[in-house]
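What follows is each chain in one-letter form.
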Amino acid sequence: MKIDLNNIDELAWEKMSSLLPCTVQHALTGEVLMQAYMSTEAIKESLASGKTTFYSRSKERLWTKGESSNNYLWLEGIYSDCDNDALLIQAMPDGPTCHLGNRSCFAEAPKPLLHELDSLIASRKGADTNESYTASLFAKGLKRVAQKVGEEGVEVALAAATADKDELANESADLLYHLLVALRANELSLDDVLEVLAKRRG
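Peer 1: Could you give an account of the overall build of the protein chain, naming the residues involved and the relevant values?
Peer 2: Helix and strand counts for the protein chain stand at 6 helices and 6 strands. Its C-alpha radius of gyration of 21 Å places the protein chain more than 25% over the 17 Å reference for a compact globule of 202 residues. Principal-axis analysis of the C-alpha atoms gives the protein chain an extent of 60 × 40 × 25 Å. Classification of the 202 residues of the protein chain by burial places 35% in the buried group. Here the protein chain displays about 11,900 Å² of accessible surface, and carbon together with sulfur accounts for 52% of that area. Averaged over its 21 positive side-chain charges, the protein chain has a centre that lies 5 Å from the centre of its 31 negative ones.

Okay, here's the thing in structure tokens:
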């Protein structure tokens, strides 16, 4: 269930010694950012301020992520699991989440697949065009990149019209790849598109 001021008491506080484990997830990408603990007061403070606040077991007090670094986690929602003894927070990070400067405290874990691809495409700008198809696309300029998006879009439409599921899946993968190249060629990223979709959802 989504947690608000009216249902905090329904959580299994006694079962968990008044502290619930909390996993923080990037609200747009789904990436896991960190894990901490929340008390009743931490939830109330998070809901009131919009800044995700936890209970620090080492400091033995409420702790707002970003209180010293300004790298806040802006709260989007708090959700309980099926047993009401664990929490999931969706938040928008304002800078790196990890105190080591990484985007996530799980720095070695891969990004969500499309974001991993988006980062890889971005890294190929300026690479050797003889060794990278992506680099060669960037080198050919915006018109060629846009043309490839159009070509792949037509192929997706044709596969869909003929109900060729295997071809549709393959052509859709090609379209997504070339779309990400087009975004990066225009100094945009997948996150820019997700932000538009999030606003439309709201």
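Now that the structure has been shown, we can carry on.
Peer 1: Any details on the pairing of strand β3 (residues 53–56)? Residues and values, ideally.
Peer 2: Alignment of β3 against strand β4 (residues 61–64), held across 4 bridges, turns out to be antiparallel. Counterpart to S56 in the pairing with β4 is R61. If you look at the hairpin formed by β3 and β4, you'll find 4 residues sitting between the two strands, and E60 has a positive phi there, around 55 degrees.

Peer 1: Let's hear about helix α1 (residues 40–49): which residues, and what values?
Peer 2: Taken as a whole, α1 has its buried residues at T40, A42, I43 and S46. One face of α1 carries all of its buried residues, which in axial projection span an arc of 165 degrees. Packed against the buried residues of α1 are β2 (32–38), β3, β4, β5 (73–80) and β6 (87–93). Two residues or fewer after α1 comes G50, characterised by a positive phi angle close to 80 degrees.

Peer 1: Can you explain the sheet that holds β5? Please cite residues and give values.
Peer 2: Adjacent strands of a sheet form backbone hydrogen bonds with each other and so pair up, either parallel or antiparallel. Within the open sheet, the 4 strands sit side by side as β2-β1-β6-β5. Their pairing is mixed. Pairing within the sheet leaves two strands with one partner each, and these edge strands are β2 and β5. Strand-to-strand twist across the sheet, computed as the mean angle between neighbouring axes with direction ignored, equals 25 degrees. The sheet contact formed by strand β1 (residues 20–26) and β2 spans 6 bridges and is antiparallel. Bridge pairing in β2 places L20 opposite M38. Along the sheet, α1 makes contact with β2, β5 and β6, crossing β5 at roughly 130 degrees.

Peer 1: Residues and numbers for the nonpolar core, please.
Peer 2: Membership of the largest hydrophobic core comes to 20 residues, with the highest contact counts inside it found for V24, M38, I43, F54, I78, L87 and I89. Once residues lying within four places of it in the same chain are set aside, the contact partners of V24 are E31, V32, L33, M34, F54, L73, I89 and A91. In this structure, I121, F138, Y177 and L183 belong to the second largest nonpolar core, which totals 12 residues.

What counts and what doesn't
- Residues numbered from 1 in each chain as written.
- Predicted model: local features only at pLDDT ≥ 70, side-chain atom pairs only at ≥ 80, totals over all residues.
- Heavy atoms only, no water.
- Helix = DSSP H or I, 4+ residues; strand = E, 2+ residues; numbered from the N terminus.
- Rg over C-alpha atoms; globule rule 2.2 N^0.38 Å.
- Buried < 20%, exposed > 50% of the residue type's maximum accessible area, 1.4 Å probe, protein only.
- Areas by Shrake-Rupley, 256 points an atom, 1.4 Å probe, with all protein chains shown as cover.
- Lys, Arg positive; Asp, Glu negative; His and termini not counted.
- Charge placed at Lys NZ, Arg CZ, Asp CG, Glu CD.
- Pairing = 2+ DSSP bridges.
- Arc of directions from axis to C-beta.
- Contact = heavy atoms within 4.5 Å.
- Axes fitted to C-alpha atoms, helices over the stretch in contact; angles between N-to-C directions.
- Core = buried A, V, L, I, M, F, W, Y, C linked by side-chain atoms within 4.5 Å.

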